[in-house]
2 protein chains.
Amino acid sequence: MSSISFPGDYTAEDIAKSAKTAFQASQLISSAERAKALHEIRRELEATKDDIMVANKKDLEAAQIEVEAGRMSSSLFKRLDLGKGEKWDSMLQGVTDVANLPDPTGIVTYASELDDSLELYRVSCPIGLLLVIFEARPEVVINIAALAIKSGNAAILKGGKESNETTRLLSKVIQTALSRTSISSTYIQTIQTRAEVSALLELDQYIDLVIPRGSNSLVRNIQNNTRIPVMGHADGLCSVYLDESADIGKAMRVVLDSKTDYPAACNAAETLIVHENILSTVWPAVAKALLAAEVNLLCDTPTLTALSALSPVPTNFTTHVQPSTPDAYTTEHLSLTLSVLAIPSVADAIRFINAHSSHHTDCIVTEDPAAASAFCRGVDSAGTFVNASTRFADGFRYGFGTEVGISTGRIHARGPVGLEGLVTYKYMLRSKGENGHIVGEFGAGEGKKQFKHTRLSAETVPFLTE
Amino acid sequence: MSSISFPGDYTAEDIAKSAKTAFQASQLISSAERAKALHEIRRELEATKDDIMVANKKDLEAAQIEVEAGRMSSSLFKRLDLGKGEKWDSMLQGVTDVANLPDPTGIVTYASELDDSLELYRVSCPIGLLLVIFEARPEVVINIAALAIKSGNAAILKGGKESNETTRLLSKVIQTALSRTSISSTYIQTIQTRAEVSALLELDQYIDLVIPRGSNSLVRNIQNNTRIPVMGHADGLCSVYLDESADIGKAMRVVLDSKTDYPAACNAAETLIVHENILSTVWPAVAKALLAAEVNLLCDTPTLTALSALSPVPTNFTTHVQPSTPDAYTTEHLSLTLSVLAIPSVADAIRFINAHSSHHTDCIVTEDPAAASAFCRGVDSAGTFVNASTRFADGFRYGFGTEVGISTGRIHARGPVGLEGLVTYKYMLRSKGENGHIVGEFGAGEGKKQFKHTRLSAETVPFLTE
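Keep in mind that what you see is a predicted model, and the values were worked out from it rather than measured. Within each chain, residue numbers correspond to sequence positions counted from 1 in written order. For this description, chains carry letters from A and ligands carry numbers from 1, given in the order in which they are written. Residues qualify for local features only when their pLDDT is at least 70, as the model is predicted, and side-chain atom pairs are given and counted only at 80 or more; totals for whole chains, interfaces and linings, by contrast, use all residues. With hydrogens and water stripped out, all remaining heavy atoms of the structure feed into the side-chain values.

(A) Highlighting the packing of helix H14 (residues 346-356) of chain B against helix H15 (residues 369-378) of chain B. Residues and elements named next belong to chain B. Lines fitted to C-alpha atoms define the axes here, with helix axes fitted over just the stretch in contact, and angles between the N-to-C directions of these axes take values from 0 to 180 degrees. Numbering of helices and strands runs from the N terminus; a helix is a DSSP stretch of H or I covering at least four residues, while a strand is a stretch of E covering at least two. The geometry of H14 relative to H15 is characterised by a closest axis approach of 10 Å and an angle of 20° between their N-to-C directions. With respect to each other, H14 and H15 are oriented roughly parallel. Regarding H14 and H15, the two cross each other, and that crossing is right-handed. Along its contact with H14, which presents Val346, Ile350, Ile353 and Asn354, the element H15 presents Ala371, Ala374, Phe375 and Gly378. Its residues placed into classes, the contact of H14 with H15 shows six nonpolar, two polar and no charged. Here roughly perpendicular refers to angles of 65 to 115 degrees, roughly parallel to angles under 35, roughly antiparallel to angles over 145, and oblique to all remaining angles. Less than a right angle of anticlockwise turn of the near helix away from the far helix marks a crossing as left-handed, whereas a clockwise turn marks it as right-handed. Here a residue-residue contact requires only that any non-hydrogen atoms of the pair lie within 4.5 Å. When residues are grouped by polarity, Ala, Val, Leu, Ile, Met, Phe, Trp, Tyr, Cys and Pro land in nonpolar, Asp, Glu, Lys and Arg in charged, and all others, Gly among them, in polar.

This is the structure:
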């Protein structure tokens with residue numbers, strides 16, 4: 001048990017225990033009441049907008065000093081501003097959108113009649129208590145709270161310290177809104193310091209899942225310091241492979257979009273792999289298009305040599321085309337830089353990607369069905385794409401309605417994670433038999449029963465009532 | 001990277017890297033070839049039976065000395081013996097049974113048309129490289145190898161040191177069998193020491209999941225020492241709650257079976273919770289039946305007082321009925337001992353179970369549908385049962401054909417885990433469009449495309465070939 005004491009004399013254990021108790025008490029609360037809680041949060045946000053903007057201004061003023069002192073980037077500063085553009089309205093709309101999504105809990109995914117009058121149901125249910133650690137953007141507090149409430153999970157949230165004034169008030173809004181429902185106000189709590197996070201990471205008896213959203217080092221640091229399962233969101237080192245049979249037009253469009261649509265995103269391409277038989281055909285056309293888009297190319301010897309014949313020579317050739325070093329192929333550039341290499345076969349492309357990519361999303365451009373199949377089966381990544389930009393790897397584009405994040409692990413949830421990444425399942429077994437059901441009646445001996453194992457079709461558990 | 005050196009000059013990294021490479025190379029191998037590998041293992045086991053029995057005898061002789069010196073229990077000794085009863089034949093049959101199960105990979109669980117000619121498939125696939133740590137029984141090497149190969153996962157196996165001679169030979173059998181297939185012989189490897197386990201737990205770049213089967217302390221120790229996700233199999237602290245409306249016959253049968261069918265199992269009941277309104281009706285009948293089965297009862301004051309009126313007094317009353325201490329309700333007895341308490345309502349039973357049980361399996365005996373529904377929704381356990389013995393919580397009884405184990409976690413797999421607990425999924429996206437598909441064409445502006453998100457019905461991915 002942690003003995004770190006927190007402001008107001010409550011401990012990490014107080015926070016975790018009260019949140020877990022709120023979770024357990026909430027299991028009999030209806031789906032409609034959870035949706036009502038989200039509408040109440042929106043209503044309370046609208047009622048408190050002026051105060052929230054004042055708090056946000058305090059965060060921005062403190063941040064401005066940091067920016068001027070060179071201790072904070074201007075991009076981080078911009079992310080703090082809740083009044084910028086449509087951010088406030090988007091946040092409100094997001095709450096309503098999540099409220100209107102289908103309930104991810106209560107869905108039967110396996111049902112079987114084990115014996116006459118003995119029915120087994122595997123049914124989706126909340127995981128329990130989540131600890132979510134995220135970046136500076138203050139609106140994430142509202143996003144994550146909405147996702148947690150919708151999926152029936154309690155949550156403890158820790159945002160970036162730069163937005164503490166804003167998140168403190170957003171947290172109060174959530175608690176006020178919850179107090180108008182039958183959900184306990186300790187169901188969603190926020191914390192402010194790393195010391196609190198450290199203390200909470202010890203409490204695996206209360207916390208069921210940690211979701212860190214941020215850098216690789218944040219995720220690894222948390223994995224190193226807890227027994228609680230971690231669903232991490234880290235690197236994206238995505239690649240596009242141009243197969244021997246690649247269509248030149250598709251190759252140009254897919255590579256350009258994968259690299260330049262939003263270079264700072266984790267689903268942007270960082271590496272281009274070119275089949276050696278198209279070094280003098282497809283590759284020069286793709287390279288010209290990339291250079292026209294001001295992309296810097298880090299090339300291995302064959303791909304570099306192939307460009308020496310480019311005519312006319314692009315004006316930015318000398319500044320934008322460089323020989324690569326081996327570390328180029330394990331670097332997430334997150335900018336207009338692309339590492340390029342040549343390989344002799346699709347099998348080599350698969351091996352190269354499995355050895356170098358971060359298993360996020362990788363694409364093949366090909367007209368050969370056998371190559372497409374081999375690539376999709378052989379590449380060990382969350383997304384394997386054919387003739388489509390790596391940028392499609394996204395919860396909204398996949399049609400999940402919302403996105404909890406993109407999981408770079410492969411346990412529980414992989415790739416873009418929708419609401420169903422926040423549920424687990426439980427088994428409900430009901431005997432309708434006259435005498436109940438006992439195991440001792442089944443077996444190999446004389447007079448013993450055998451299991452039927454007849455699959456039942458059911459979308460919900462018939463004997464549950466709200 | 002680990003620098004511990006192993007016998008034969010190979011390192012933990014050599015083992016893990018070669019196993020992961022074998023996994024990646026196996027992705028293009030057909031389901032039929034994986035089944036063939038299992039048949040080859042059975043054939044090689046049959047051909048090598050005499051040598052294996054000689055090795056097993058060596059383990060048994062060494063163990064006999066430990067038993068005589070009081071350093072090993074006789075129950076552990078018995079588990080080492082591969083020649084005992086039908087164990088050998090069961091092991092062989094188990095390999096064939098797993099070979100004949102449906103392939104858990106390649107199954108589409110979500111399919112959507114994102115746009116004309118742009119199809120998304122979520123398809124089940126192996127997790128990767130497993131590290132499985134288990135108890136002394138040597139046949140588990142073969143069981144786990146069969147499950148791993150069937151589900152397309154590579155595995156590193158560590159059994160109890162007491163069975164090292166036997167498992168070394170079983171491991172050789174597996175490698176010989178694999179050498180007659182297109183699966184690499186480094187796909188399944190065994191290790192023998194805890195130092196090797198420690199070194200492997202650092203290698204999260206190669207190992208995707210650790211499965212420890214054993215005590216709570218083993219599971220926690222591993223969770224404390226690795227960043228790799230852990231699917232643990234630990235405690236079972238199961239309870240039966242006799243509701244106010246419980247049928248007396250069902251109560252007697254379900255409690256007896258839950259407690260006495262196999263008291264050492266993790267799904268046996270350890271706690272009995274009695275509604276206070278049936279203390280003088282149902283409870284005495286259940287208590288008499290339990291005492292007749294030689295069950296020791298540790299009772300709180302109300303349940304103890306209620307038994308003072310038992311007539312005639314059971315002969316073993318004074319030896320078998322004792323007042324309970326608070327720790328009785330958090331103890332996994334694993335023997336013919338049952339902790340008993342009274343509560344005033346189903347809501348209190350739910351709260352008590354959520355606070356004290358290990359979230360494994362809990363049962364309500366009731367005739368009241370509302371109580372059954374509240375219990376199944378409110379109890380936060382992997383199994384919530386109505387009028388059925390807790391002993392039904394088992395992969396074979398649930399109809400999974402085989403059991404990887406019973407997961408006490410709630411991430412990825414929960415409760416009895418079949419083959420599908422050893423798979424994850426990946427997303428395959430294919431553009432059949434004339435120009436491929438790029439994200440830049442979608443959006444809010446004029447001339448931009450909107451996503452269709454039309455659900456497709458598909459059981460397998462249409463463009464994959466074996």
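(B) Spatial organisation of the pattern of salt bridges. Salt bridge, as applied in this entry: a Lys or Arg side-chain nitrogen positioned within 4 Å of an Asp or Glu carboxyl oxygen. Counted according to the given criterion, the structure contains 56 salt bridges over all chains. Linking A:Asp208 and B:Arg410 is a salt bridge whose minimum nitrogen-to-oxygen distance equals 3.4 Å. Of this pair, A:Asp208 sits in the loop between helix H8 (194-200) and strand S6 (209-212) while B:Arg410 sits in the loop between strand S14 (405-407) and strand S15 (415-417), each in a different chain. Exposure categories follow from relative accessible area, calculated using a 1.4 Å probe and restricted to protein chains: below 20% of the type maximum is buried, above 50% is exposed, and the middle band is partly exposed. Among the residues examined, A:Asp208 registers a relative accessible area of 9% and is labelled buried. Two residues, B:Lys432 and B:Glu119, come together in a salt bridge whose shortest N-O distance is 2.9 Å. In this pair, B:Lys432 sits in the loop between strand S16 (423-431) and strand S17 (454-455) while B:Glu119 sits in strand S2 (residues 118-126), placing the two residues 313 residues apart along the sequence. Counted as one network, the salt bridges with shared partners bring together A:Lys20, A:Asp208, B:Asp380, B:Arg410 and B:Arg414.

(C) Representation of the relation of the copies chain A and chain B. Only residues with pLDDT of at least 70 in both copies count here: their C-alpha atoms drive the least-squares fit that superposes the copies. Each copy of the sequence occupies a distinct position, and chain A is placed on chain B by a rotation of 180° and an axial shift of 0.0 Å, giving an RMSD of 0.0 Å. What the rotation and shift describe, once combined, is the action of a two-fold rotation axis. If distances are taken from each C-alpha of chain A to the rotation axis, the shortest is found for A:His412, at 1.9 Å.

(D) Examining the interface of chain A and chain B more closely. Opposite the 83 residues of chain A that make contact, chain B presents 83 residues. Taking both partners together, chain A and chain B bury about 7500 Å²; carbon and sulfur atoms supply 53% of that area. Along the contact surface separating chain A from chain B lie eight salt bridges. Here A:Glu420 and B:Arg122 are joined by a salt bridge, their closest N and O atoms 2.7 Å apart. With eight residues, the top contributor of residues to the side of chain A that touches chain B is strand S16 (residues 423-431) of chain A. Broken down by class, the residue content of the side of chain A that touches chain B amounts to 36 nonpolar, 25 polar and 22 charged. Two parts placed together each lose some accessible area under a 1.4 Å probe, and the buried area is that loss summed for both.

(E) Region of the structure containing helix H3 (residues 49-68) of chain A. Residue and element names in this part refer to chain A. Between the first and last residue of a helix there are one fewer steps than residues, each counted as 1.5 Å, and that sum is the expected span. Taking 1.5 Å of rise per residue, 20 residues should cover 28 Å, and H3 covers 28 Å from first to last C-alpha, within 8% of that figure. All buried positions along H3 are accounted for by Ile52, Ala55, Asn56, Asp59, Leu60 and Ala63. The arc enclosing the buried residues of H3, seen along the axis, measures out at 145°, which places them on a common side. Exposed side of H3, more than 90 degrees from the buried face: Asp50, Lys57, Ile65 and Glu68 are the residues found there. Against helix H2 (31-47), helix H4 (74-80), helix H5 (87-100) and helix H7 (164-178) lie the buried residues of H3. After H3 finishes, the residue Gly70 shows a positive phi value of roughly 80°. In this description, the arc belongs to the directions extending from the helix axis to the C-beta atoms.

(F) Region of the structure containing the packing of aromatic side chains. Stacked, tilted and edge-to-face pairs are distinguished by plane angle, under 30 degrees for stacked and over 60 for edge-to-face with tilted covering the rest, among Phe, Tyr and Trp rings (Trp via its six-membered ring) whose centres lie within 6.5 Å. Within the structure shown, the criterion is met by 22 aromatic pairs over all chains. Pairing A:Phe442 with A:Phe451 gives two aromatic rings, centres 4.2 Å apart and planes at 10°, and the pair type is stacked. Under the relative-accessibility criterion, A:Phe451 is labelled partly exposed at 25%. An aromatic cluster is defined as three or more aromatic residues linked by ring pairs; in this entry it consists of A:Tyr110, A:Tyr425, A:Tyr427, B:Tyr398 and B:Phe400. Here, over-ring charges are defined by two tests on the NZ atom of lysine or the CZ atom of arginine: distance to the ring centre within 6 Å, and angle to the ring normal within 35 degrees. Its guanidinium or amino end placed over the ring of A:Tyr425, A:Arg122 lies 5.3 Å from that ring's centre, counting from NZ or CZ.

(G) A look at the domain arrangement of chain A. Residue ranges labeled as domains rest on an automatic or database domain assignment. Along its sequence, chain A is organised into domain 1 (9-223) and domain 2 (238-398). Put simply, the middle of domain 1 of chain A and the middle of domain 2 of chain A, counted by C-alpha atoms, are 38 Å apart.

(H) Looking closely at the sheet that holds strand S5 (residues 188-191) of chain B. Residue and element names in this part refer to chain B. Only strands joined by at least two bridges in the DSSP assignment are considered to pair. Pairing is parallel in the open sheet, where four strands are placed in the order S5-S4-S3-S6. Unpaired on one side and paired on the other, S5 and strand S6 (209-212) mark the two borders of the sheet. Shown here is a sheet whose adjacent strand axes are inclined to one another by a mean of 20°, direction ignored. Pairing geometry for strand S4 (residues 154-158) and S5, over four bridges, is parallel.

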